[in-house]
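Coordinate inspection notes
Here is what each chain is made of, one letter per residue.
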There are 2 protein chains.
Amino acid sequence: MDEVFKALADASRRSLLDRLHAKNGQTLNELCDGLAMTRQAVTKHLAILEAANLVTTFRHGREKLHYLNPVPIHQIGERWIKKFERGKLTALSELKKQLEKRDE
Amino acid sequence: MDEVFKALADASRRSLLDRLHAKNGQTLNELCDGLAMTRQAVTKHLAILEAANLVTTFRHGREKLHYLNPVPIHQIGERWIKKFERGKLTALSELKKQLEKRDE
DNA sequence: ATAATAGGCAACCAAATGGTTGCATGTCAA
DNA sequence: TTGACATGCAACCATTTGGTTGCCTATTAT
């Protein structure tokens, strides 16, 4: 879980996921295209995404194809974000109560 | 948005949010309690959470009260995670197709 | 008034991060 | 078979990060 959060913390990596979301199964060079980064930098980002299981790859000849795996993202939504949605109204009303208390 | 992702990338910070979720409106010292970190380290984490608008604070006398703001978390769920949920089945079936292609 | 309490500020440090360059390897096409 | 192409590996670098310690300020309680 921590690896996924860490992987998502970087804007470049999120944009790589975006690109794979737009077009799945791209090669490394395809993913580098138009980015203001060297290929090696992209490789590192992809390795982190792969370690977090957000991207699955396999070789096809001399090319390495990258596939988006949306499962970890979905899990974050289910296991983590949903927890905080429940408390939403309570939290805000408590805050409001406190803010009003300030003027006493 | 980037600030929120970055703020959520650290396990200590997520645990602080958890604590606030369990009990809202805690003071700094309350939040430090039981953590294997100095107060100053916690202060820094809280400052990052505050900058990302995940935590709202105000002073009450000599105490600083911390309140959870679940809105940014909710937005990540809405604006970011939901986008990837749509492509889920497609992505997996495409991957399966490619994996089968390997044996040709 | 004074001591204890709650928090803030700043300097410092080691390790992690995001990036680079240079070179090596494996695969395909002419 | 040889050159071009796709990727991998490793060393190196600057900056950011997560943490520390030491000291200062503000508020409360005795």
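Scroll up to find the structure.
Rules used throughout
Residues numbered from 1 in each chain as written. Chains lettered and ligands numbered in written order. Predicted model: local features only at pLDDT ≥ 70, side-chain atom pairs only at ≥ 80, totals over all residues. Heavy atoms only, no water. Near = heavy atom within 4 Å. Polar contact = N/O pair within 3.5 Å; in protein donor to acceptor, adjacent residues only side chain to side chain. Helix = DSSP H or I, 4+ residues; strand = E, 2+ residues; numbered from the N terminus. Nonpolar A, V, L, I, M, F, W, Y, C, P; charged D, E, K, R; others polar. Buried < 20%, exposed > 50% of the residue type's maximum accessible area, 1.4 Å probe, protein only. Core = buried A, V, L, I, M, F, W, Y, C linked by side-chain atoms within 4.5 Å. Contact = heavy atoms within 4.5 Å. Axes fitted to C-alpha atoms, helices over the stretch in contact; angles between N-to-C directions. Parallel < 35°, antiparallel > 145°, perpendicular 65-115°, else oblique. Pairing = 2+ DSSP bridges. Expected span 1.5 Å × (residues − 1). Arc of directions from axis to C-beta.

We now examine the protein's contact with DNA strand C. In the vicinity of DNA strand C there are 21 residues, among which A:T38, A:K44, A:H45, B:N29 and B:R62 approach most closely. One nitrogen or oxygen atom from the side chain of B:R62 is found 2.8 Å from a base oxygen belonging to DNA strand C. Within the backbone of B:K64, a nitrogen or oxygen atom sits 3.1 Å from a phosphate oxygen of DNA strand C. Looking at the surface near DNA strand C, the elements that each hand over two or more residues are α2 (11-22) and α4 (39-51) of chain A together with α3 (28-32), α4 (39-51) and β3 (63-68) of chain B. The biggest single contributor to the surface near DNA strand C is α4(A), with four residues. Across the surface near DNA strand C, the residue classes break down as three nonpolar, eight polar and ten charged.

For the rest of this paragraph, the subject is unusual backbone geometry. All names here are of chain A. Here N53, not a glycine, exhibits a phi torsion of approximately 65°, which is positive. Residue position: N53 is located in the loop between α4 and β2 (55-60). By relative accessible area, N53 is classed as partly exposed at 42%.

With that settled, the discussion passes to the nonpolar core. Counting residues in hydrophobic clusters, the biggest one holds 44 residues, and the most contacted among them are A:L17, A:L54, A:W80, B:L17, B:L54 and B:W80. Every residue in contact with A:L54, bar those within four places of it in the chain, is listed here: A:V4, A:A7, A:L8, A:L17, A:L49, A:Y67, A:L68, A:N69, A:P72 and A:I73.

This part is about the packing of α2(A) against α4(A). Residues and elements named next belong to chain A. For the pair α2 and α4, the least separation of the axes is 10 Å and the interaxial angle reads 75°. On the basis of the axis angle, α2 is roughly perpendicular to α4. Mapping the contact onto sequence places S12, R13, L16 and L17 in α2 and V42, H45, L46, I48 and L49 in α4. Here the residues of the contact of α2 with α4 are counted per class, giving six nonpolar, two polar and one charged.

The next subject is the pairing of strand β3 (residues 63-68) of chain A. Residues and elements named next belong to chain A. Note that strand β1 (residues 26-27) and β3 share two bridges and pair antiparallel. Within β3, the position partnered with T27 by the bridge is L65. By the bridge criterion, six bridges tie β2 to β3 in an arrangement that is antiparallel. Paired with R59 across the strands is K64, a residue of β3. Turn length for the β2-β3 hairpin, with the two strands adjacent in sequence and antiparallel, is two residues, and the turn residue G61 shows positive phi of about 65°.

This part is about α4(A). Residues spaced three or four apart along an α-helix face the same direction, because each turn holds 3.6 residues. All names here are of chain A. Spanning 13 residues, α4 covers 18 Å between terminal C-alpha atoms, matching the ideal 18 Å at 1.5 Å per step. Those residues of α4 that fall on the buried side of the exposure criterion are V42, H45, L46 and L49. Along the long axis of α4, the arc covered by the buried residues comes to 100°, so they all point the same way. On its buried face, α4 is in contact with α1 (2-8), α2, α3 (28-32), β2 and β3.

By themselves these figures say nothing about function.
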